[in-house]
Amino acid sequence: MIEVDNLTKLYGSLVALRQVSFRVDQGEIVGFLGPNGAGKTTALRILTCFMPPTSGTARVAGLDCQQHSLEVRGKIGYLPENVPLYPDMTTRRFLAFAAAAKGVSRARCGQEIERVMEVCTVTSVAERLIGHLSKGYRQRIGIAQALLNDPAILILDEPTIGLDPTQIVEIRSLIKKLGAERTIILSSHILPEVSQICQRILIINNGQIVATDTPANLTAQLQRNLQVYLEVEGPRTEVMQKVEAMAGVLEVKPTNGESSYLVETSRGQDLRPELARTVVESGWQLRELKLQDLSLEDIFMQLVTDEEAGEEQE
Amino acid sequence: MKGTCVVYRKELYRLFASPIFYVVAFIFLALVGYFFYSSVAYYSLLSFQAGRTPFLSEQLNLTDMVLEPFFGSISVVLLLMVPLITMRLFAEEKKTGTVELLFTYPISDRGAVLGKFTAGVTVLTLLAATLPAMFLLEAFTNPPWPTIMAGYLGLLLTCSAFVSLGLFASSLTQNQIIAAAIAFGALLLLWIIIASNPFSRVTRGSFLKYLSLLTHFDSFARGILDSRDVFFYLLFTLFFLFTTLRILESRHWRG
């Protein structure tokens, strides 16, 4: 559905994207993840035909974004970052403008506006001026205008920013629901969000894609070592010595808690039964024992910092 | 031209929804009303005097005494007011980022420019259509309607020329005040290009004369419909619409 080849974008001498290539299939929900200034918005703006790439091509549904700009734009529903809206228009009037701009016929217009307002729960503010509404409502109006005319592709730049927790949950489930029949690209720098909604994640940093996979695979791939959290009531030095002496244990680190430790073992080796046995056989009290998942956050940090370290070496 | 109509309706709504229009309209109508009153008052004063001196009465006529100064003053006030109406057309969209929305909808650049231009012309023409003043004349005398029609046609063409330049200025920047300043400066320069020329006597036939908006408007105000003037205004408008379009397109190749 979306094919991007060797996309490079320069702002003067600043490189926003370098040689980015990726593909998004029909019906996929893909998350763009990256720190601020990584190039997420630039990539999305190129896909929505707002700006052209310096080199490389972007194709949406087989059409080049530059040569068939109008056709491509007709297939995409776009929520720009910071949700620019006309503050002096009412919600309904703005949506009517957006619907007409997207080519919704006059007969279907009213019905279509009611539909998106209902989906995004902004019906209650239909007659109010957008400038007087809170950030949460404006965000949802932004999503509502993206949904007008039922586009096959949705591109959402930071869709949940500025919403309160209940709204975030609502929007996430809305995106999931929409994703059943549409292709969705969303960008975010909030990791749990992306891992919850998306089937695939593209991690982008410094204008380059540093990783792309499903959230689960990414976690598995990058988990170099396993960490086990262990809480034992017993003499600290003795516990540490005994655990360190076990086969397969790489390192034991005391944590902030008085009697807890982080045991690092090599990958693919679950030492929890052995740990439990050792503790019990030594006559100490085992309080807690659990495998610590490397969170997506850790992976992200690893990738981003690896990259930076690599660059410094250059 | 996809989207012209949509953009036109949106701009018209936003122009009427903004307080700028009402402030500008108030000042415009107050000024024009005053100019109309003073020229009519002067005309009637002279008419009384002419009753005693038949020689003078031969030289008195409504076109020279009332209509020409009236249309002239409207066009000068328009010159001051148009930049205030047009300054936001593109500058504000750039500033608030709504331009990203506008240009990711399936609306062509041409459609956007044309929609904004026609909305600006519509608003200003409504403003300049000071027809009640003309009906007031009708109540007292027998005004030359063809002359009045020519004057209003001239005003319509002037509006479109001014708006196209204002739109161009607005597309250059995201700061509304800069847009207004550029538009005002350029219009004023083109308006008085002859008067400000110290050698105007020497170079009366020079090409500068043809560039001046003032010379081309004068004939309309006197009720003369000259195809050269009509073409001048149309070309002027087209030129600046074209330049605006090029400026908008430059986002595709500028780094």
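Before reading on, note that the structure itself is shown above.
Residues numbered from 1 in each chain as written. Chains lettered and ligands numbered in written order. Predicted model: local features only at pLDDT ≥ 70, side-chain atom pairs only at ≥ 80, totals over all residues.

Overview of the overall build of chain A
Then step 1. Broken down by element type, chain A carries 11 helices and 14 strands.
Then step 2. Going through the 314 residues of chain A one by one, you find that 39% of them count as buried. (Helix = DSSP H or I, 4+ residues; strand = E, 2+ residues; numbered from the N terminus. Buried ≥ 20, exposed ≤ 12 C-beta atoms within 10 Å, placed from the backbone.)

Observations regarding the pairing of strand S1 (residues 2-11) of chain A
Residues and elements named next belong to chain A.
Then step 1. Bridge count for S1 against strand S4 (residues 55-60) is five bridges, and the pairing is antiparallel. Within S4, the residue paired with threonine 8 across the bridge is serine 55.
Then step 2. Where S1 lies against strand S2 (residues 14-24), seven bridges are found, and the strand directions are antiparallel. Bridged to leucine 7 within S2 is valine 20.
Then step 3. Counting the residues in the hairpin turn of S1 and S2 gives two residues, including glycine 12, whose phi is positive at 60°. (Pairing = 2+ DSSP bridges.)

A short note on the interface of chain A and chain B
Then step 1. Chain A puts 25 residues into the contact, and the matching count from chain B is 22 residues.
Then step 2. Those elements that provide at least two residues to the side of chain A that touches chain B are S1, helix H2 (69-75) and helix H3 (91-101) of chain A.
Then step 3. In terms of residue count, the dominant contributor to the side of chain A that touches chain B is H3 of chain A (four residues).
Then step 4. Grouping the constituent residues of the side of chain A that touches chain B by class yields 16 nonpolar, five polar and four charged. (Contact = placed C-beta atoms within 7 Å. Nonpolar A, V, L, I, M, F, W, Y, C, P; charged D, E, K, R; others polar.)

A look at the sheet that holds strand S9 (residues 200-205) of chain A
Residues and elements named next belong to chain A.
Then step 1. Taken together, the six strands give an open sheet; going across it, the order is S6-S7-S8-S3-S9-S10, and neighbouring strands pair in mixed fashion. Two strands lie at the open edges of the sheet, namely strand S6 (76-79) and strand S10 (208-213), each paired on one side alone. With strand direction ignored, the average angle separating the axes of adjacent strands in the sheet is 15°.
Then step 2. Strand direction decides the pairing type here: S6 and strand S7 (residues 153-157), joined by four bridges, are parallel. Within the sheet, the bridge partner assigned to leucine 79 lies in S7 and is leucine 156. (Axes fitted to C-alpha atoms, helices over the stretch in contact; angles between N-to-C directions.)

Focus: the nonpolar core
Then step 1. If you look at the biggest cluster of nonpolar residues, it comprises 135 residues, and the most contacted ones within it are Leu95 of chain A together with Leu78 and Leu124 of chain B.
Then step 2. Ignoring any residue separated from it by four or fewer positions in sequence, one finds leucine 78 of chain B in contact with Leu124, Ala128, Thr158, Cys159 and Phe162 of chain B. (Core = buried A, V, L, I, M, F, W, Y, C linked by C-beta atoms within 7 Å.)

Focus on the pairing of S4 of chain A
Two faces make up the sheet, and in a regular strand the side chains alternate between them.
All names here are of chain A.
Then step 1. Note that S4 and strand S5 (residues 63-64) share two bridges and pair antiparallel. Within the sheet, the bridge partner assigned to valine 60 lies in S5 and is leucine 63.
Then step 2. Between the antiparallel neighbours S4 and S5 lie two residues, among them alanine 61 with a positive phi of about 50°.

Focus on unusual backbone geometry
Residue and element names in this part refer to chain A.
Then step 1. A positive phi is found at glutamine 19, a non-glycine position, where the angle reads about 50°.
Then step 2. As for its position among the elements, glutamine 19 is in strand S2.
Then step 3. Here glutamate 158, not a glycine, exhibits a phi torsion of approximately 50°, which is positive.
Then step 4. Relative to the helices and strands, glutamate 158 resides in the loop between S7 and helix H6 (165-179).
Then step 5. You can call glutamate 158 buried: it has 22 C-beta atoms within 10 Å.

Section: the environment of aspartate 64 of chain A
All names here are of chain A.
Then step 1. For aspartate 64, the position within the fold is in strand S5.
Then step 2. Of the residues examined, aspartate 64 has 15 C-beta atoms within 10 Å and is grouped as partly exposed.
Then step 3. Residues in contact with aspartate 64, not counting those within four places in the same chain, are Thr57 and Arg59.

Section: the packing of helix H7 (residues 109-128) of chain B against helix H9 (residues 145-172) of chain B
Residue and element names in this part refer to chain B.
Then step 1. Packing of H7 against H9 brings their axes to within 9 Å, and their N-to-C directions diverge by 135°. Classified by the angle their axes make, H7 and H9 are oblique. The chirality of how H7 crosses H9 is right-handed. On H9, the residues touching Lys116, Phe117, Gly120, Val121, Leu124, Thr125 and Ala128 of H7 are Leu155, Leu156, Cys159, Ser160, Val163, Ser164, Gly166 and Leu167.
Then step 2. Across the contact of H7 with H9, the residue classes break down as nine nonpolar, five polar and one charged. (Parallel < 35°, antiparallel > 145°, perpendicular 65-115°, else oblique. Left-handed = near helix turned anticlockwise from the far one by under 90°.)

Considering helix H1 (residues 4-17) of chain B
Then step 1. For H1 of chain B, which comprises 14 residues, the first-to-last C-alpha distance of 20 Å matches the rise-based estimate of 20 Å (1.5 Å per residue) to within 8%.
Then step 2. Residues of H1 of chain B that are buried: Thr4, Val6, Val7, Tyr8, Lys10, Glu11, Arg14 and Leu15 of chain B.
Then step 3. Buried residues in H1 of chain B make contact with H3 of chain A together with helix H2 (19-52), helix H4 (62-86) and H7 of chain B. (Expected span 1.5 Å × (residues − 1).)

Some details on the packing of helix H5 (residues 88-96) of chain B against H9 of chain B
All names here are of chain B.
Then step 1. The interhelical angle for the contact between H5 and H9, taken along N-to-C directions, is 15°, at an axis separation of 7 Å. One way to sum up the angle between H5 and H9 is to call them roughly parallel. As H5 runs across H9, the sense of the crossing is right-handed. Contact residues: H5 offers Arg88, Leu89, Phe90 and Ala91, while H9 offers Leu167, Ser170 and Ser171.
Then step 2. Split by residue class, the contact of H5 with H9 holds four nonpolar, two polar and one charged.

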